[in-house]
Amino acid sequence: MNAKSRFFVTSILLAHFSGPATAGGSAEASARALEHSMQAIGYSIQGGLKLVSGAAALPFMVAGEIGRVSGEAGRELWEEANAPPLTIGPLPVTDEIVTAGPKPGDQLNQPE
Amino acid sequence: MSRARKLLLAMCLLLPVAAWAGNVPSAKGLFEFRQIATLSKGLERALAARGARVAIIGRVGLPPSVMPPGVEYSHAGFAVYSTIRTADNRMVPGYAVYNLYQGDARTGVSFLMQDYPVDYFAAIHVLKAGVVIPSEKLQRELAETIFSPVYQSLHNPRYSVLANPFRTDYQNCTGFVLDVVFAAIYRTGDPRRIKTNIAAYFEPQPIRVDGLKLAMADATMADVSTDDHTGPIATATFESIARFLVNNGIAKEAFSFVVEPTTLYGSITELQL
């Protein structure tokens with residue numbers, strides 16, 4: 001198959017799968033999540049779920065692990081995150097729906 | 001055969017492989033936000049009720065009809081119990097998801113991303129999540145690996161949906177999860193040691209795809225490569241990773257979390273392995 005027909009076949013395939021019935025196996029979905037999110041701002045379900053953007057996430061870990069985390073978050077934030085007593089058993093979860101928001105490029109290109 | 005007929009034949013042959021290989025994301029999700037939110041929040045609550053700090057979660061990102069036999073979940077990542085700082089500077093408890101994405105353009109190049117369950121499940125075909133909660137010990141080791149430089153070092157951006165998990169030529173989302181799991185178990189970042197142990201103890205999922213279809217997909221799609229396989233095609237899948245963890249006694253629990261689309265009733269069902 002030459003390059004031209006390869007392109008053509010691929011184009012047909014891509015066009016075929018660009019309908020609403022498709023989604024990527026490993027494709028990033030956050031942009032689509034935002035689309036959901038934008039439709040849902042101010043909308044709550046099950047009596048109180050609401051949407052918020054997550055700016056950073058820090059793992060809760062077991063005692064003895066404090067200070068071993070690396071990455072963008074500093075020790076201060078880490079200690080703040082782990083301030084509640086660490087327990088074994090059921091864990092609390094916020095009722096809010098946290099989303100990563102748009103990709104950086106999309107964010108920058110949003111109309112003012 | 002005319003050129004048009006050849007192209008039509010090629011298109012028909014390639015459809016299942018093309019779809020499974022990730023393909024072009026839809027412009028719009030199949031489900032409404034409230035359905036995706038119910039699945040993602042319900043999953044978080046199911047994990048939290050079990051005290052899970054790290055879990056491996058799978059999503060059905062492609063129509064079940066195009067998936068190879070034995071493969072239901074098209075993507076996998078790690079859910080990590082976290083304190084999340086919100087954009088309005090509050091701290092809330094929940095799960096963050098760490099995973100490898102190929103990206104919408106399907107260039108055969110992947111990247112690592114941290115997002116949240118509602119992002120992770122935004123583009124799914126079934127309101128269902130596969131879940132494996134590792135043993136407490138493995139959860140601790142996974143957390144340590146994910147938040148160490150080893151995590152980034154295990155990423156190979158050369159993406160192939162059919163990546164051979166015994167080799168380092170290519171990597172897919174599930175192969176990355178597998179590498180991180182073995183790095184955690186053996187407390188190493190050495191790729192050779194990781195791959196040696198994967199070859200010794202992990203049984204990948206055989207992928208039965210017609211040879212002609214595979215050859216054409218390999219030739220036409222950037223995210224399908226087969227030159228890292230010398231025999232039958234086999235790759236890491238969410239199911240094969242779950243089997244490995246369960247069969248080796250290092251899974252605390254494995255299940256599917258399913259939401260009924262109309263009533264939004266969530267339930268725990270058996271994970272088909």
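For every chain, the first residue of the written sequence is number 1, and numbering continues from 1 onward in sequence order. For this description, chains carry letters from A and ligands carry numbers from 1, given in the order in which they are written. Totals for whole chains, interfaces and linings use all residues, but because this is a predicted model, local features are given only for residues with pLDDT of at least 70 and pairs of side-chain atoms are given and counted only at 80 or more. To obtain the side-chain values, all non-hydrogen atoms of the structure were used and water was disregarded.

This part covers the packing of helix 6 (residues 173–185) of chain B against helix 9 (residues 238–247) of chain B. Residue and element names in this part refer to chain B. Lines are fitted to the C-alpha atoms to define the axes, a helix being fitted only along its stretch in contact, and any angle between axes, read from their N-to-C directions, falls within 0 to 180 degrees. Segments assigned H or I by DSSP are reported as helices when at least four residues long, segments assigned E as strands when at least two residues long, and all are numbered from the N terminus. Packing of helix 6 against helix 9 leaves a shortest axis separation of 9 Å and a crossing angle of 20°. Considering the angle they form, helix 6 stands roughly parallel to helix 9. The way helix 6 lies across helix 9 gives a crossing that is right-handed. Along the contact surface, helix 6 presents T174, V177, L178, V181, F182 and I185, while helix 9 presents F238, I241, F244 and L245. Asp, Glu, Lys and Arg are counted as charged, while Ala, Val, Leu, Ile, Met, Phe, Trp, Tyr, Cys and Pro are counted as nonpolar; the rest, among them Gly, fall into the polar class. Among the residues making up the contact of helix 6 with helix 9, the classes are represented as nine nonpolar, one polar and no charged. What sets the label is the angle itself: under 35 degrees gives roughly parallel, over 145 gives roughly antiparallel, 65 to 115 gives roughly perpendicular, and the rest give oblique. What makes a crossing left-handed is the near helix being turned counterclockwise from the far one by less than a right angle; a clockwise turn instead makes it right-handed. Any two residues whose heavy atoms approach within 4.5 Å at even a single point are treated as in contact.

Each residue carries a pLDDT score, the predictor's own confidence in it, on a scale running from 0 to 100. Confidence along chain B averages 87 in pLDDT terms, with 89% of residues attaining 70 or more. A low-confidence stretch, residues 21–27 of chain B (pLDDT under 50), is modelled with 33 contacts involving residues beyond four sequence positions or located in other chains.

Put simply, a salt bridge is a Lys or Arg side-chain nitrogen that is within 4 Å of an Asp or Glu carboxyl oxygen. Summed over all chains, the structure comprises 12 salt bridges over all chains. Residue B:E44 is joined to B:K41 by a salt bridge in which the shortest nitrogen-to-oxygen separation is 2.8 Å. Taken together, the residues B:E44 and B:K41, both in helix 2 (residues 33–49) and three residues apart, mark about one turn of the helix. Assigned by exposure class, B:E44 and B:K41 land together as buried. Across the pair B:E141 and B:R187 runs a salt bridge whose closest N-O atoms are separated by 3.0 Å. Of the two residues, B:E141 is situated in helix 4 (residues 136–146) and B:R187 in the loop between helix 6 and helix 7 (191–201); the sequence distance between them amounts to 46 residues. Any residue under 20% of the maximum accessible area for its type is buried, any over 50% is exposed, and the rest in between are partly exposed; the area is computed with a 1.4 Å probe on protein chains only. According to the relative accessible area criterion, B:E141 is buried, its value standing at 9%. The class for B:R187 is exposed, based on a relative accessible area of 58%. Ionic contacts of the salt-bridge type, sharing partners, join the residues A:E96, B:D88 and B:R90 into one network.

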